[in-house]
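# An overview of the molecular structure
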Amino acid sequence: MSAPTNEAAAPRQAAKVVRRPRNLLRGVDGPLAQAGEMTRLALEVLWMAIRRPWGYWGEVRDQSFDILKLCWIPMAVSCTAFGLGAPGLQGGNLFSLFGIPERLGSFFVMASIREFAPWVNAMVVAGVVGTAITADLGARRIREEIDAMEVLGVDPVRTLVLPRVIALFIMTGLLDLVALMFGILGGYIAAVPILGANPAAFVDSLFNNLTTTDVWGSVLKTALFGLIIGVVCCYKGLHASGGPIGVGRAVNQAVVIAFAAIWIFNMVFTTILLGLNPDIQVYR
């Protein structure tokens, strides 16, 4: 009677032997692979721009004009409204409790110039221009136009991706200056007409705390935001598949990935900037 029992237990023991351990990285390898491919695309674009810096500036000019035409009005409205609402009225009410609404100008160095103006700038550019780039390249991919370019020996990265990434890098940084002005305008409206602050004291408080490091750090950070948006949106557009539905899916994924990458990069950049320049954290 013991032999059949051993024979029945043998398959169960064999099953235990061939059972494989659970893959803890399942579901993560895909996003990691895409992140690596996006990094490789960014390095390829950078190398192309440095090695042969000619032949694409006309397209860069046209793309830059389109970015300016599409983004500056939404950015102006968004930065003014955001500056008036969140840091303007909320921060101004806090300063008014201590009887110093004029000090809201110093607060806007941190709130607008360092943080929310670059952030709103990047969100507007990603939502308006990034989606258009992904949809354009995705439509070219599903219509097999990019495949035809590769067959004819035309490099789609240099022809389509490089001008868009450079235009986004340049114009997002320049548009940050527009975002800064309208963000401070929103703070001025909250402090002077609404909370009754002295306008000259507001301006003095702003410029007494504003440094060159704040301005160039804000512009450089926003320009790098544009680089991230360009690389992510071009990558998702070039790799779109599945017809029109696939293009729509690529647009959604490009915006989400760009937003997440911008938030992570913003945290790292701001931490490094403040660590290397502790004097800009001293309020005067």
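Residues numbered from 1 in each chain as written. Predicted model: local features only at pLDDT ≥ 70, side-chain atom pairs only at ≥ 80, totals over all residues. Heavy atoms only, no water.

## Structural notes on the pattern of salt bridges
Two side chains that carry opposite charge are able to pair once their charged atoms sit near each other. For the structure shown, the criterion picks out 9 salt bridges. Here Arg143 ties to Glu145 by a salt bridge, and the two come within 2.9 Å at their closest N and O atoms. (Salt bridge = Lys/Arg side-chain N within 4 Å of Asp/Glu carboxyl O.)

## A short note on the state of the cysteines
Tallying each qualifying case throughout the model produces 0 disulfides. Between Cys233, a cysteine without a disulfide, and Cys234, which holds the nearest cysteine sulfur, the sulfur-to-sulfur distance is 7.1 Å. (Disulfide = S-S within 2.5 Å.)

## What about the environment of Leu174?
As for its placement among the helices and strands, Leu174 is situated in helix α6 (residues 156–194). C-alpha separation for the pair Leu174 and Ala223, spaced 49 residues apart in sequence, amounts to 7.8 Å. (Helix = DSSP H or I, 4+ residues; strand = E, 2+ residues; numbered from the N terminus.)

## Structural notes on the packing of α6 against helix α7 (residues 199–209)
Orientation of α6 relative to α7, taken along the N-to-C sense of each, is 140°, at an axis distance of 10 Å. Taken together, the axis directions place α6 and α7 in an arrangement best described as oblique. Like other packed secondary-structure pairs, α6 and α7 cross with a definite hand, here right-handed. On α7, the residues that touch Ile184, Gly187, Tyr188, Ala191 and Val192 of α6 are Pro199, Phe202 and Leu206. Split by residue class, the contact of α6 with α7 holds 7 nonpolar, 1 polar and no charged. (Axes fitted to C-alpha atoms, helices over the stretch in contact; angles between N-to-C directions. Parallel < 35°, antiparallel > 145°, perpendicular 65-115°, else oblique. Left-handed = near helix turned anticlockwise from the far one by under 90°. Contact = heavy atoms within 4.5 Å. Nonpolar A, V, L, I, M, F, W, Y, C, P; charged D, E, K, R; others polar.)

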